[in-house]
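Here's the letter readout for the chains.
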Amino acid sequence: MHGAPSGVGRAIRLFQPLVRILVLTYGALIVLGAAFAERLIFVPPEPSYGADVEGFTQLATEAGDSVAAVYLEAENSPLTVMYAHGNGEDLGDVLSYLVAYRDLGVSVLAFDYPGYGLSAGLPSEEGAYAAADAAYDHLTGTLGIDSGRIVAHGQSLGGGVMVDLASRRAVAGLIVESSFVSAYRVMTRFPILPVDQFRSLKKLPSVAAPVFVIHGTADEVIAVWHGRKLAQAVPAGQRRTLWVEGAGHNDLRVVAGDSYSEAIRSYLESVAEPLRGE
């Protein structure tokens, strides 16, 4: 003999429509994330430079794209910096940073991602990694620079690109500036989706080189907790940090002033020190 529905049974039936809505919503978020991620993560500006810029060259990626790069050589440089820029900029926007590196006495190679500047192809996570590999191969192959003299420096989106590179290939050092633990968590904070891109937090433990994390405490685009999480993922003896008080995402170097270049110089000197006897 069956009695009246229990309170638990009534509650389950009551919440079934809500559960279905939540499941469908979650599924839709996953689909939308996979379908539109590239459009949200990559926002290429109009090209801000021409092929006549100093040090300009074109590099071929394994995917068949031709990506633009700029190489500025410093005489008797102990190190070469590989620089990966942020989302809404291209090589023309970071030329002053490259010159600043050369003024510090180190050579520097920066590159655009597919779809950026004078680079062919469409922007994507894998395309950005392929561009970094092409730049790395150009340094170690064409230019004959030892991997133990390469420092990878990525700013914002470029941080995710350089963390990936340093987790797979040998470098002397890694600078991660104003970057994220992963791309989706800039918006969601917590890892609520099974899909994501540029999973730097997961990859950092595979980086053997000393890591320098730089972040502004008032960053309105990528909150400072991202930088602190990234730093915590690196063993204490392998990490260095610079927290720039009051700095946002796009004014960090201005707010930091001379302390920024001095911190970079100090880090590079620490990386170069073991190489002096070679």
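Residues numbered from 1 in each chain as written. Predicted model: local features only at pLDDT ≥ 70, side-chain atom pairs only at ≥ 80, totals over all residues. Heavy atoms only, no water.

A. Structural detail: the pattern of salt bridges. By the definition in use, this model includes 8 salt bridges. A salt bridge links R102 to E54; the shortest N-O distance between them is 2.8 Å. Taken as a pair, R102 in helix 2 (residues 95-103) and E54 in the loop between helix 1 (7-41) and strand 1 (56-60) lie far apart in primary sequence, 48 residues in all. Given a relative accessible area of 24%, R102 falls into the partly exposed group. (Salt bridge = Lys/Arg side-chain N within 4 Å of Asp/Glu carboxyl O. Helix = DSSP H or I, 4+ residues; strand = E, 2+ residues; numbered from the N terminus. Buried < 20%, exposed > 50% of the residue type's maximum accessible area, 1.4 Å probe, protein only.)

B. Molecular detail of the packing of aromatic side chains. For the coordinates displayed, the defined rule picks out 9 aromatic pairs. Between Y129 and F198, the ring centres sit 5.5 Å apart and the planes meet at 75°, which makes this aromatic pair edge-to-face. Here F198 lies in the loop between helix 5 (185-188) and helix 6 (200-203) and Y129 lies in helix 3 (residues 125-142), a separation of 69 residues in the sequence. Classification of F198 by relative accessible area gives buried; the value is 0%. Put simply, the rings of F42, F111, Y113, Y116, Y129, F180 and F198 pair up and form one aromatic cluster. Here the guanidinium or amino end of R228 rests over the ring plane of W243, the centre of that ring lying 4.6 Å away. Positioned above the aromatic ring of Y97, the side-chain terminus of R253 is 3.8 Å from the ring centre. (Phe/Tyr/Trp six-rings, centres within 6.5 Å; stacked < 30°, edge-to-face > 60°. Lys NZ or Arg CZ within 6 Å of the ring centre and 35° of its normal.)

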